[in-house]
Amino acid sequence: MQNPWISEAWRGGFLLGGAWFVGWLIGRPETLLLIVMSAYLAWHLYNLYRLERWYHKRKRFHPPAARGIWGEVFHNIYQLQQRNRKRKRKLARMLTRFNEFTSAMPDAIVVLSEDDQIEWLNKAAQHHLGLHPRQDVGQRIDNLVRHPRFANFLTRGDYSKTLELPSPIGTQRILSIRIVPYGDRRRLLVVRDITRLKHLERVRQDFIANVSHELRTPLTVIAGYLENMADAGDACSQQWGKSINQMQGQSRRMIRIVEDLLTLSRLEADDTPPLHDVVAVPAILAAIREEAIALSGEAGHEITLDTDRSLWLRGGEKALYGVFSNLVFNAVQYTPPGSAIHIQWYKKGDSLYLDVRDSGIGISAQHIPRLTERFYRIDPGRSREYGGTGLGLAIVKHALERHAGRLEIESRVGEGSLFRCVFPDDLAIDRATDATE
Ligand code: ADP
C-alpha cells in the first residue's frame, strides 16, 4: 500500500498543477490557483473540524468517513482508541480482581509511605486494626494503632522479626504484625490474627505443665521407696539389689526430665523479662567452675575462667545460673578427659558475652541449628549415659530470650565447640562504679 503522504502530495500537486494549467489557458493562472488553494485549505479545515467534533463526541463510536490523508488519520486514531479501550477494560478487570482478592484475604494489609502514612488498606485492616479506608488513608499509622511496642517496632527498622500485640479493637484477640519493605522506601504492614494459634499453644503448654506436675509427686514417692529398699540391706535388697539400682537410676532420670519440662513450661508461660536480681556473674561462674571440676572428677579437665570482675548483670539469678551451668557441664560431658575448657565473661561493643569454649568432640554443621529443639540429641546413647535430658539447650535458649539475649554456637567436628551467650549491654551493672554494692 502506498504511503498516504505521498498520495496526498500527488493529489495536491495534481490539483495545483491542473489549476495553474487551466488558468493559463484562460489567461488567469493566479486567480484559478488562489481559488483551488482556498478550496483545498477549506477541505482540510473542514476535516479538522470533523476530527475535533468526533473526538469530543465520545458517544459516536465510529470515525467520520473521509478520503485521502484524512481517511488515514481517522482510521489510525480509531485503531488507537480501540486499543486503549481494550487496555482500559483489561486494567479495570485486573483492578476488580485485585480488589476481590485483597478483600478476601484473611490478613490485613496496609501500605505505608516513607513517613508512616497510610496509603492503602484492605478490608481485613478494618476488621483487625479498626482502620477505615475513607477517613484513615493519609493518617499516620502510629496515631491510629497506639501501642508503645508498635511505635518502637515501626521506628526500629529491624523488620526480620514479627511483633505480637493485642488487637486495638478487642484485647481478647492477638495479632502478629510483620513489616515488609518494598519499592521506594515504602512498607507493607501485614497483620494476622493468631488468637487461635496462641490458644492452642497455651493448651499445649498447660498440658505439658500439668502432666509434668502430676508425674512429679508419684515419681518422688517411687524414688523414696526405692531408696529405702536400697538402704534396707536385707534379703530383699540382696536379691533385687541390681534391679533396684537400675530402677533408682531410671526414676532419677524421669524426675530430671519432669523438672526440666516444668522449667521450660514456666519460661514459656511468662515472657516478662526477669530483671529483679542483681546477678554477680563472676561469683556464679567461679562456683560453676568448682562444680564442673567436681563433675569432671578423675577425667581431670583443665577448666579455666577469665571474667571481668566488675561486670554484673540485671536478670533472674536462678535462670542465669541454670544457663551457664548447663553450658559448662555440657562442655565437661562432651570433651575427652584431660582436655581444656575455657569460660570467659566480658563486654565488647554494645554487648556482653559469656563464652564456653571446649576442645571436645565438636558438632557437625547440620546439627547446630537444631540443638535447641526439645529432646534433640546428636548421640542419644551418650546423652543418656551421663544423665542428659535433651532439654538443656532448649531451656538455655528460652532463658536467654527472656533476657533479650541469644545463644550462638560455633563448632567443628573433632576440634571443639564454642557456646556463646550474648546479652544487650543495657542489662550490665558496673560494680566498679555502682553505688548499690
Ligand atoms: P543433653 O541433656 O542431651 O546434653 P542438651 O540440650 O544440653 O541436651 O544438648 C543437646 C545436644 O547437644 C546434646 O545431646 C549433644 O549432642 C549436643 N551438645 C551440647 N553441648 C555440646 C558440646 N559442648 N559439645 C558437643 N556436643 C554438645
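Preceding this section is the structure that the text describes.
Throughout what follows, the structure given in this document is the object of discussion.

### Observations regarding the nonpolar core
So, point 1. Ranked by internal contacts, the top residues of the largest apolar core, which has 43 residues, are L313, F324, L327, W345, L354, C421 and F423.
So, point 2. Setting aside its immediate chain neighbours within four residues, F423 contacts L313, L320, F324, W345, D350, S351, L352, L400, H403 and G405.
So, point 3. With 22 residues, the next largest nonpolar core counts I141, V145, L165 and I179 among its residues.

### Structural notes on the pattern of salt bridges
So, point 1. One pass over the structure, following the stated rule, counts 19 salt bridges.
So, point 2. Put simply, R173 and D193 hold a salt bridge, and the shortest N to O gap is 3.2 Å. Here R173 is found in strand β4 (residues 170-182), whereas its partner D193 is found in strand β5 (residues 186-193), with 20 residues between them in sequence.
So, point 3. A salt bridge links E408 to R406; its shortest N-O distance comes to 2.9 Å.
So, point 4. Members of the salt-bridge network, linked through shared partners, are D116, R140, D142 and R187.

### Some words on unusual backbone geometry
So, point 1. Residues other than glycine seldom take positive phi values, yet F375 does so here, at roughly 60°.
So, point 2. Inspection of the secondary structure assignment puts F375 in the loop between β10 (351-358) and α12 (380-385).
So, point 3. Of the residues examined, F375 reaches a relative accessible area of 39% and is grouped as partly exposed.
So, point 4. A positive phi is found at A404, a non-glycine position, where the angle reads about 60°.
So, point 5. Counting through the fold element by element, A404 comes out in the loop between α13 (392-402) and β11 (406-412).

### Some points on the sheet that holds strand β8 (residues 311-315)
So, point 1. Ordered by their spatial adjacency, three strands build an open sheet running β6-β8-β13, and the pairing between neighbours is antiparallel. Two strands close off the open sheet at either side, each with one partner strand: β6 (277-279) and β13 (428-430). For this sheet, the mean inter-axis angle between neighbouring strands, taken without regard to orientation, is 35°.
So, point 2. Of the strand pairs in this sheet, β6 and β8 are connected by three bridges, and their pairing is antiparallel. Across the sheet, V279 pairs through a bridge with L313, a residue of β8.
So, point 3. Against the sheet, helix α10 (residues 281-296) makes contact with β6 and β8, and its axis sits at roughly 95° relative to β8, the strand it touches most.

### Notes on α10
So, point 1. Between its terminal C-alpha atoms α10 stretches 22 Å, which fits the 22 Å expected from 16 residues at 1.5 Å a residue.
So, point 2. Burial in α10 covers these residues: V281, P282, I284, L285, I288, A292 and S296. What you see down the axis of α10 is that its buried residues fit within an arc of 150°, all on one side.
So, point 3. Those residues of α10 that are buried are in contact with β6, β7 (302-307), β8, α11 (317-333), β9 (340-348) and β10.
So, point 4. At the exit of α10 stands G297, carrying a positive phi of roughly 55°.

### Quick word on the site of the ligand
So, point 1. Residues in close proximity to the ligand total 21 residues, the closest being N330, D358, S383, Y386 and L393.
So, point 2. In this structure, an oxygen atom belonging to the ligand sits 3.2 Å away from a side-chain N or O atom of Y334.
So, point 3. When isolated, the ligand has an accessible area of 530 Å², and the protein chains bury 97% of it.
So, point 4. Top contributing element to the shell around the ligand by residue count: α11, with three residues.
So, point 5. Partitioning the shell around the ligand into residue classes produces 11 nonpolar, eight polar and two charged.

### Focus: the pairing of β11
Regular strands place side chains that alternate from one sheet face to the opposite one.
So, point 1. On β11, burial follows the alternation: L407, I409 and S411 on one face are buried, whereas R406, E408, E410 and R412 on the facing-out side are not.
So, point 2. The pairing of β11 with strand β12 (residues 416-424) spans seven bridges and is classified as antiparallel. By the bridge assignment for β12, L407 is matched with C421.
So, point 3. Linking β11 to β12, which pair antiparallel, is a turn of three residues; within it G414 sits at a positive phi near 85°.

### Observations regarding the sheet that holds β12
So, point 1. With mixed pairing, the five strands of this open sheet are ordered in space as β7-β9-β10-β12-β11. A single partner strand is all that each edge strand has here, and the edge strands are β7 and β11. Ignoring which end each strand starts from, the neighbouring axes of this sheet average 15° apart.
So, point 2. In this fold α11 packs onto β7, β9, β10, β11 and β12, with an angle of close to 170° to the strand it touches most, β12.

### Focus: the side chain of D107
So, point 1. Mapped onto the fold, D107 is located in the loop between α3 (68-104) and β1 (108-112).
So, point 2. Those residues in contact with D107 that lie beyond four places of it in its chain are N122, A124, H128, V190, V191 and R192.

### Some thoughts on the packing of α10 against α11
So, point 1. As a packed pair, α10 and α11 sit with axes 10 Å apart at the nearest point and diverge in direction by 35°. Handedness of the α10/α11 crossing: right-handed. Here V281, I284, L285, A287, I288, E291, A292, L295 and S296 of α10 come into contact with α11, specifically with E317, Y321, F324, S325, V328, F329, V332 and Q333.
So, point 2. Partitioning the contact of α10 with α11 into residue classes produces 12 nonpolar, three polar and two charged.

### Concerning the packing of helix α1 (residues 4-26) against α3
So, point 1. At a closest axis distance of 8 Å, the pairing of α1 and α3 adopts a crossing angle of 155°. As summarised for this structure, α1 and α3 are arranged roughly antiparallel, according to the angle between their axes. Residue-level contacts link P4, W5, E8 and R11 of α1 to G68, I69 and E72 of α3.
So, point 2. Its residues assigned to classes, the contact of α1 with α3 comprises three nonpolar, one polar and three charged.

So, how was this worked out
Residues numbered from 1 in each chain as written. Predicted model: local features only at pLDDT ≥ 70, side-chain atom pairs only at ≥ 80, totals over all residues. Heavy atoms only, no water. Core = buried A, V, L, I, M, F, W, Y, C linked by side-chain atoms within 4.5 Å. Buried < 20%, exposed > 50% of the residue type's maximum accessible area, 1.4 Å probe, protein only. Contact = heavy atoms within 4.5 Å. Salt bridge = Lys/Arg side-chain N within 4 Å of Asp/Glu carboxyl O. Helix = DSSP H or I, 4+ residues; strand = E, 2+ residues; numbered from the N terminus. Pairing = 2+ DSSP bridges. Axes fitted to C-alpha atoms, helices over the stretch in contact; angles between N-to-C directions. Expected span 1.5 Å × (residues − 1). Arc of directions from axis to C-beta. Near = heavy atom within 4 Å. Polar contact = N/O pair within 3.5 Å; in protein donor to acceptor, adjacent residues only side chain to side chain. Areas by Shrake-Rupley, 256 points an atom, 1.4 Å probe, with all protein chains shown as cover. Nonpolar A, V, L, I, M, F, W, Y, C, P; charged D, E, K, R; others polar. Left-handed = near helix turned anticlockwise from the far one by under 90°. Parallel < 35°, antiparallel > 145°, perpendicular 65-115°, else oblique.

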